[in-house]
Number of protein chains: 2
Amino acid sequence: MRTKGAKNRNHGDRREEILRAACGLFIRDGFHAASMKDLCAAAGMSPGSVYRYFASKDAIITALIEADRARWLSAMDALPVELGLLPALRALAEQGLADLETRGFLSLWVETAAEASRNPVVARQLAASCRDCEARLAGIVERSQREGRIVSTTDPKLLTRLILAAFDGLLLRVAYDPSVDAREAATGFLEFIGNAVGAQAPRKGGRR
Amino acid sequence: MRTKGAKNRNHGDRREEILRAACGLFIRDGFHAASMKDLCAAAGMSPGSVYRYFASKDAIITALIEADRARWLSAMDALPVELGLLPALRALAEQGLADLETRGFLSLWVETAAEASRNPVVARQLAASCRDCEARLAGIVERSQREGRIVSTTDPKLLTRLILAAFDGLLLRVAYDPSVDAREAATGFLEFIGNAVGAQAPRKGGRR
């Protein structure tokens, strides 16, 4: 007899399987070209089974955005508290650069943004995800300011928005321009920003 | 009897009409949903006439990218030479912010990037357009450095890439997140960058 826990695990597993298949299919064919029928075939499930978990392609995309949000938030939470802003950003940039090794991942990210620009359901989810990541990163900026690692004259929200925008813009560019070296640009961006906020090892005495 | 000049003008006019109709259609329905058939109807032309000018949707998109490139390059060329980097960026940001008043324009821009991430023909055109704009902007950065308006320690190519990435990333965000105030963010970005490069009125003595 299956316990309730086992049943839930099974539910979660099948949901994960569908998401994994959807992600692979969207990466391969693009989000627009993939149909729910293709997805059922890729997941090896009947339409009835797939629709039990996800009512539409929108529901699948919002679940993929949610998974990405959770991954970035946990990456930020996993950063050692004693790390200053710049080392933290370098660690996060490494994660972003590792994602780039899957070229299709990048296309899928751009397509998700394109879908969000027309589809209010996807837009709400993606905007909420960005705001959560931004708030978490702003927390790291504020801590670095309190500890006197960076100047406290820069508005944490503005700096966070600039950092995310610069990296999103870089990803967007890399998605279609092979002449851009993502690692070189990311390193240069962080150096520029580090210099601008006077990043250095923490010192006693707090705010500057 | 029509002269050759009149014939060329007529050719150019019809090409422009098709592009205008395509732009309106793509903005309204999205790039993927619009078909060549829809486009013929929107332009009020027969398929034969439209295909005489553009062999495919790709050809139309690349023509739209080319028109956008020409518009930005001429905006940069029209900036008074005595303008320093920061006032020049403010003027360009105003043009970008004015574009945002047409919401669909923004979606079309994101969709073009998404198409470029999968379609090599569109990718080549968009990448070339970015590189041209980047080179022109790097020229403005270099002039400001020579005139001692900004520090000369920042690599002009890196700074240009960061500026374009930050503004592209901001546009991308604005495309799906109505909580982001594009003007406020753009102003903040330019202030941060201006402070970082020590922007000021030109002084005698050149490089710092």
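Fair warning: this is a prediction, and the values are worked out from it, not measured in the lab. (Residues numbered from 1 in each chain as written. Chains lettered and ligands numbered in written order. Predicted model: local features only at pLDDT ≥ 70, side-chain atom pairs only at ≥ 80, totals over all residues. Heavy atoms only, no water.)

Asks: What's the story with the relation of the copies chain A and chain B in this structure? I'm lost.
Replies: Superposing the two chain copies requires a rotation about an axis and a translation along that axis. Of the transformation placing chain A onto chain B, the axial shift is 0.0 Å and the rotation is 180°, giving an RMSD of 0.0 Å. As the rotation angle and translation indicate, the two copies are arranged about a two-fold axis. Looking at chain A, 100% of its interface residues are interface residues in chain B too, so the copies touch through the same face. (Least-squares fit on C-alpha atoms with pLDDT ≥ 70 in both. Contact = heavy atoms within 4.5 Å.)

Asks: Quick question: what am I supposed to make of the packing of helix H4 (residues 57-77) of chain A against helix H7 (residues 120-146) of chain A here?
Replies: A packed helix pair is summarised by two numbers, namely the angle formed by the two axes and the spacing between the axes. Residue and element names in this part refer to chain A. H7 packs onto H4 with a crossing angle of 0° between their chain directions and a minimal axis gap of 9 Å. Considering the angle they form, H4 stands roughly parallel to H7. Residues Asp58, Ile61, Thr62, Ile65, Glu66, Arg69, Trp72, Leu73, Met76 and Asp77 of H4 form the contact with H7, whose participating residues are Val121, Val122, Gln125, Leu126, Ser129, Asp132, Cys133, Arg136 and Leu137. Of the residues contributing to the contact of H4 with H7, the split by class is 10 nonpolar, three polar and six charged. (Axes fitted to C-alpha atoms, helices over the stretch in contact; angles between N-to-C directions. Helix = DSSP H or I, 4+ residues; strand = E, 2+ residues; numbered from the N terminus. Parallel < 35°, antiparallel > 145°, perpendicular 65-115°, else oblique. Nonpolar A, V, L, I, M, F, W, Y, C, P; charged D, E, K, R; others polar.)

Asks: I would appreciate a short explanation of the packing of helix H8 (residues 156-174) of chain B against helix H9 (residues 182-196) of chain B in the present structure.
Replies: Residues and elements named next belong to chain B. Following both chains from N to C, one finds H8 and H9 inclined at 165°, their axes separated by 11 Å at the closest point. One way to sum up the angle between H8 and H9 is to call them roughly antiparallel. Relative to H9, H8 is oriented so that their crossing is right-handed. On H9, the residues that touch Leu159, Ile163, Ala166, Phe167, Leu170 and Val174 of H8 are Ala182, Ala185, Ala186, Phe189, Leu190 and Ile193. In the contact of H8 with H9, the residues fall into 12 nonpolar, no polar and no charged. (Left-handed = near helix turned anticlockwise from the far one by under 90°.)

Asks: Could you clarify how one ought to interpret the interface of chain A and chain B in this entry?
Replies: Buried accessible area, meaning the area lost when the parts come together, often serves as the stated size of an interface. Opposite the 47 residues of chain A that make contact, chain B presents 47 residues. When the buried surface of chain A facing chain B is broken down by residue, Arg118, Tyr176 and Phe192 of chain A rank first, second and third, together holding 22% of it. Summed over the shared surface of chain A and chain B, the result is six salt bridges. The closest approach of N and O atoms between Asp177 of chain A and Arg131 of chain B, which form a salt bridge, is 2.8 Å. Linking chain A to chain B there are 14 residue pairs in polar contact (both at pLDDT 80 or more). Only helix H1 (4-29), helix H6 (103-116), H7, helix H8 (156-174) and helix H9 (182-196) of chain A provide two or more residues apiece to the side of chain A that touches chain B. Residues of the side of chain A that touches chain B, tallied by class, amount to 27 nonpolar, nine polar and 11 charged. (Buried area = accessible area lost by both parts, 1.4 Å probe. Salt bridge = Lys/Arg side-chain N within 4 Å of Asp/Glu carboxyl O. Polar contact = N/O pair within 3.5 Å; in protein donor to acceptor, adjacent residues only side chain to side chain.)

Asks: What's the story with the domain arrangement of chain A in this structure? I'm lost.
Replies: Residues and elements named next belong to chain A. Its domain assignment divides chain A into domain 1 (1-55) and domain 2 (57-202). Here the C-alpha centre of domain 2 lies 28 Å away from the C-alpha centre of domain 1. The interface is formed by 14 residues belonging to domain 1 together with 12 residues belonging to domain 2. Of all residues in domain 1, Phe26, Ile27 and Phe31 bury the most surface against domain 2, accounting for 48% of the area lost on that side. There are four residue pairs in polar contact (both at pLDDT 80 or more) connecting domain 1 and domain 2. When contributions to the side of domain 1 that touches domain 2 are tallied by element, the ones reaching two or more residues are H1 and helix H2 (36-43). In terms of residue count, H1 provides more of the side of domain 1 that touches domain 2 than any other element does, six residues in total. (Domains from an automatic or database assignment.)

Asks: Sorry, what's going on with H8 of chain B here?
Replies: Since the α-helix advances by 3.6 residues per turn, residues separated by three or four positions end up pointing in the same direction. Over its 19 residues, H8 of chain B runs 27 Å from end to end, which matches the ideal 27 Å to within 8%, given 1.5 Å per residue. Taken across its 19 residues, H8 of chain B has 16 buried, putting it largely inside the fold. (Expected span 1.5 Å × (residues − 1). Buried < 20%, exposed > 50% of the residue type's maximum accessible area, 1.4 Å probe, protein only.)

Asks: Can you help me understand the environment of Asp38 of chain A in this one?
Replies: Residue placement: Asp38 of chain A occurs in helix H2. Leaving out residues up to four positions away in the same chain, Asp38 of chain A has contacts with Leu25 and Ala33 of chain A.

Asks: Would you explain the side chain of Thr62 of chain B in this entry?
Replies: Within the secondary structure layout, Thr62 of chain B lies in helix H4 (residues 57-77). Once residues within four sequence positions are removed from consideration, Thr62 of chain B is found in contact with Val121, Val122 and Gln125 of chain B.

Asks: Is there a simple way to think about the confidence of the model for chain A in this case?
Replies: Note: predicted coordinates in regions of low pLDDT should not be interpreted at a detailed level. When pLDDT is averaged along chain A, the result is 90, and 91% of the positions lie at 70 or above. ipTM for the predicted complex: 0.90, alongside a pTM of 0.90. (pLDDT = per-residue confidence, 0-100.)

Asks: Would you explain a negative patch on the surface in this entry?
Replies: A contiguous patch of negative charge, built from Glu142 and Asp155 of chain A together with Asp181 and Glu184 of chain B, is present on the exposed surface. Of note, Glu184 of chain B is situated in helix H9. (Patch = residues over 30% accessible without salt bridge, like charges linked within 9 Å, V, L, I, M, F, W, Y side chains within 5 Å. Areas by Shrake-Rupley, 256 points an atom, 1.4 Å probe, with all protein chains shown as cover. Lys, Arg positive; Asp, Glu negative; His and termini not counted. Charge placed at Lys NZ, Arg CZ, Asp CG, Glu CD.)

Asks: Sorry, what's going on with the state of the cysteines here?
Replies: Such a bond, covalent and formed between the sulfur atoms of two cysteines, is termed a disulfide. All names here are of chain A. Considering all chains together, one arrives at zero disulfides over all chains under this definition. Not part of a disulfide, Cys133 finds its nearest cysteine sulfur in Cys130, a span of 6.8 Å. Owing to a relative accessible area of 12%, Cys133 belongs among the buried residues under this scheme. (Disulfide = S-S within 2.5 Å.)

Asks: I keep staring at the pattern of salt bridges and nothing clicks. Help me out?
Replies: Where charged atoms from two side chains of opposite charge approach closely, those side chains can pair. All names here are of chain B. The tally for this structure, following the rule as stated, stands at 26 salt bridges over all chains. Across the pair Asp132 and Arg69 runs a salt bridge whose closest N-O atoms are separated by 2.5 Å. In this pair, Asp132 sits in helix H7 (residues 120-146) while Arg69 sits in helix H4, placing the two residues 63 residues apart along the sequence. Using a relative accessible area of 32% as the deciding quantity, one classes Asp132 as partly exposed.

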